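Remarks on the overall topology
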Amino acid sequence: MTFIATLILALGMSMDAFAAALGEGAILHRPGFKEALRTGLIFGSIEALTPLIGWALGLAASRYIMAWDHWIAFILLAFLGGRMMMEGFRQTAVAEPCEAPQSHGFMVLATTAVATSLDALAVGVGLAFLQVNIITTALTIGAATTVMATTGVLVGRFIGPVLGKWAEVLGGLVLIAVGATILLQHLDQAA
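Residues numbered from 1 in each chain as written. Predicted model: local features only at pLDDT ≥ 70, side-chain atom pairs only at ≥ 80, totals over all residues. Heavy atoms only, no water.

Across its full length, the protein carries five helices and zero strands. In the protein, the succession of helices and strands from N to C terminus is α-α-α-α-α. Taken over 191 residues, the protein has a buried fraction of 45%. Residue pairs in contact within the protein that sit at least 24 positions apart in sequence constitute 96% of those at least 6 positions apart. Entry remark: accessible area of the protein is about 9600 Å², with carbon and sulfur atoms responsible for 73%. (Helix = DSSP H or I, 4+ residues; strand = E, 2+ residues; numbered from the N terminus. Buried < 20%, exposed > 50% of the residue type's maximum accessible area, 1.4 Å probe, protein only. Contact = heavy atoms within 4.5 Å. Areas by Shrake-Rupley, 256 points an atom, 1.4 Å probe, with all protein chains shown as cover.)

This paragraph deals with the environment of Thr50. Of note, Thr50 is situated in helix α2 (residues 33–93). Overall, Thr50 belongs to the buried group, its relative accessible area being 10%. Once residues lying within four places of it in the same chain are set aside, the contact partners of Thr50 are Ser117, Ala120 and Leu121. Of the polar contacts made by the side chain of Thr50, one reaches the backbone oxygen of Ser117; its length is 3.3 Å. (Polar contact = N/O pair within 3.5 Å; in protein donor to acceptor, adjacent residues only side chain to side chain.)

Our focus in this paragraph is the pattern of salt bridges. Opposite charge on two side chains allows them to pair when their charged atoms are near. Across all of its chains, the model carries one salt bridge by this definition. Taking the shortest distance from any N to any O, the salt bridge between Glu35 and Arg38 comes out at 2.9 Å. Of this pair, Glu35 and Arg38 are both found in helix α2, three residues apart, which corresponds to roughly one turn of the helix. According to the relative accessible area criterion, Arg38 is partly exposed, its value standing at 28%. (Salt bridge = Lys/Arg side-chain N within 4 Å of Asp/Glu carboxyl O.)

Time to look at helix α3 (residues 106–127). With 22 residues, α3 should reach 32 Å at 1.5 Å per residue; the first-to-last C-alpha distance of 29 Å fits that figure. Largest kink in α3: about 45°, centred on Ser117. (Expected span 1.5 Å × (residues − 1). Bend = angle between axes of the 7 residues up to and from the residue.)

Further remarks concern the confidence of the model for the protein. For the protein, the average pLDDT comes to 80, and 84% of its residues sit at 70 or higher. Per-element confidence in the protein ranges from a low mean pLDDT of 77 for helix α5 (residues 167–190) to a high of 89 for helix α4 (residues 134–163). (pLDDT = per-residue confidence, 0-100.)

What follows deals with the nonpolar core. Counting 24 residues, the largest nonpolar core has Phe43, Ile46, Leu77, Leu175, Val178 and Ile182 as its most contacted members. Ranked by the residues each element gives to this core, the list is headed by α2, at eight residues. The residues touching Leu77, leaving out its near neighbours within four places in the chain, are Thr112, Ala115, Thr116, Leu175, Ile176, Val178, Gly179 and Ile182. Met13, Ala120, Leu127 and Ala144 belong to the second-largest nonpolar core, a separate cluster that totals nine residues. (Core = buried A, V, L, I, M, F, W, Y, C linked by side-chain atoms within 4.5 Å.)

Next up on the list: the packing of helix α1 (residues 3–27) against α3. Axis separation between α1 and α3 bottoms out at 10 Å; the angle between their running directions is 165°. Judged by the angle between their axes, α1 and α3 are roughly antiparallel. Like other packed secondary-structure pairs, α1 and α3 cross with a definite hand, here right-handed. Within the contact between the two elements, α1 uses Leu9, Met13, Asp16, Ala17, Ala20 and Glu24 and α3 uses Val108, Leu109, Thr112, Thr116, Asp119, Ala120, Val123 and Leu127. Its residues placed into classes, the contact of α1 with α3 shows nine nonpolar, two polar and three charged. (Axes fitted to C-alpha atoms, helices over the stretch in contact; angles between N-to-C directions. Parallel < 35°, antiparallel > 145°, perpendicular 65-115°, else oblique. Left-handed = near helix turned anticlockwise from the far one by under 90°. Nonpolar A, V, L, I, M, F, W, Y, C, P; charged D, E, K, R; others polar.)

So, on to a nonpolar patch on the surface. A surface patch of nonpolar side chains, amounting to about 590 Å² of accessible area, comprises Phe3, Ile4, Leu7, Ile8, Leu11 and Met15. Along the chain, Phe3 turns up in helix α1. (Patch = residues over 30% accessible without salt bridge, like charges linked within 9 Å, V, L, I, M, F, W, Y side chains within 5 Å.)

Mapped onto the elements, Thr150 comes out in helix α4. A polar contact of 3.4 Å, which involves the side chain of Thr150, links it to the backbone oxygen of Ala36. The residues touching Thr150, leaving out its near neighbours within four places in the chain, are Phe33, Ala36, Leu37 and Gly40.

All right, on to the environment of Val153 then. Of note, Val153 is situated in helix α4. Judged by its relative accessible area of 1%, Val153 falls in the buried class. Separated by 125 residues in sequence, Val153 and Leu28 place their C-alpha atoms 8.8 Å apart. Those residues within four positions of Val153 in sequence are excluded, and the remaining contacts are Ala21, Leu22, Gly25, Pro31, Ala36 and Thr39.

Set out below in structure tokens:
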């Protein structure tokens, strides 16, 4: 696989992380570069590990992984998005303003990152059948995801104040939409 093909693959793998990070950034109270980079590194690290895991699973487990990865991603993202929306609706119902969080917990970010990187797991399985340097490919995917997720949080910083209390509801909708897109893309390919 050429470097350009690897870069295109990496950017494609990082788009759902960008969308999720955009929603995460919109919820936070003026996230700075440090928080954006923290989010990006968590997303990027997990996104780099998943193709390695998929590659290691290889041929023996490929049909089982590919048969369920889209459902797992959809369920995780729908759960997280629904939780965010409920919290957002709860905050909009409260008369006094609620302070937006300064950062997200590690587990929230890691769970979101895992959910958005399950497609990279399936790609890793596919890469096991190609003549690729899996370490270089995984690092490229991780680096692209780090940049895209960091950018997503920083862009979300500017969207959040415009949306006010509805930022968390919109962030939840974005996560659900990313999960639904993953599911629908798989169902279209299966048809």
